[in-house]
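Next come the chains, spelled out residue by residue.
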Amino acid sequence: MEVTLLEQLGHVLPTVFDEEAASIVRRRIEDLGIKTITGEKAVQFTGNGHVKSVVTDSREIECDMVVLAVGVKPAIDLAKTAGVEMGALAGIKVNDEMRTNVPDVFAAGDVAETYDISRRRELDQCHLALRRRTGSDCGFEHGGSEDLLRRILQKKLHRNFIGVPAISMGLTHADTCSSCESGEEFQEIRRRTKDTYKKIILKNNCLVGAILVGQTQKAGLFSILLKRKIDIADYIPVLMGRNLNFMDLLPLIRRNADQFKEAEYKEIMDTGL
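A brief structural summary. (Residues numbered from 1 in each chain as written. Predicted model: local features only at pLDDT ≥ 70, side-chain atom pairs only at ≥ 80, totals over all residues. Heavy atoms only, no water.)

Further remarks concern the overall build of the protein chain. Scanning the protein chain from N- to C-terminus turns up seven helices and 13 strands. Relative to its full complement of 273 residues, the protein chain shows a buried share of 40%. In the protein chain, once contacts between residues fewer than 6 apart in sequence are set aside, the share between residues at least 24 apart is 48%. Carbon and sulfur atoms provide 49% of the accessible area of the protein chain, an area that totals close to 15400 Å². (Helix = DSSP H or I, 4+ residues; strand = E, 2+ residues; numbered from the N terminus. Buried < 20%, exposed > 50% of the residue type's maximum accessible area, 1.4 Å probe, protein only. Contact = heavy atoms within 4.5 Å. Areas by Shrake-Rupley, 256 points an atom, 1.4 Å probe, with all protein chains shown as cover.)

Here is the structure:
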């Protein structure tokens, strides 16, 4: 097949990566022979019973088939009929335990909204990693377990994205925080090689976002530091180093042991994530 990828925003995977990280993924896409066009919007399909072309705002692309990926809309009709309360993003509103306003009714996955600890606002759950986590949290809560995430960290994980290991979590741009307050200082720190990219975003010296492309080892440590809002000012060189080692962060983890649940702290110490 001759394949063309059309993305109306400025780079591929715009909701997952920043432009620099996306450029590594784009190079891999193009190495596979896929023509990639960004910054153009499809405005019309031509054909009668069978597609003939896609018309953008600047060209016409002849084709025999079109695949659309244009987002997810929660299927909430049943919930609304049952009297379940909707949230600000037209999904089902849930609390930290994935409970709705209706007794003994839980919601998880694409239909559910919860709170994003990085952005400090409501978030839909239309990403696979979040669907799995909210689903398991819902099961744990229904079964009586207290081991819940409580607050969601927005994470989109591609363990092997067409040959490129990549992950993003929390904020991907410092200027995307929608509720910044006076006195909050944001900082972006990057390290780039030909095939790898690492960026962390700090707010008042605490991690609020990270992007790892090409080298995702120890990504769990970034997730832990983000969720627990630990001051990492003295450990930035360690986190941005080429080979992140758990032992290098051990003093930081121990110094903040009181911020972890006992089981969580034990897991960190046992596995090094």
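Moving on to unusual backbone geometry. Within the chain, A90 stands out as a residue other than glycine whose phi angle is a positive 70°. The phi dihedral of K229 is positive, around 55°, even though this residue is not glycine. Its place among the elements puts K229 in the loop between α4 (219-228) and α5 (236-239).

In terms of strand pairing, strand β1 (residues 4-7) meets strand β2 (residues 35-38) through four bridges, oriented parallel. When the sheet's bridge partners are listed, E7 is paired in β2 with T38. Of the crossover connections in this fold, the one passing from β1 over helix α1 (residues 19-31) to the parallel β2 is right-handed. (Pairing = 2+ DSSP bridges. Right-handed = clockwise from strand over helix to strand, strands pointing away.)

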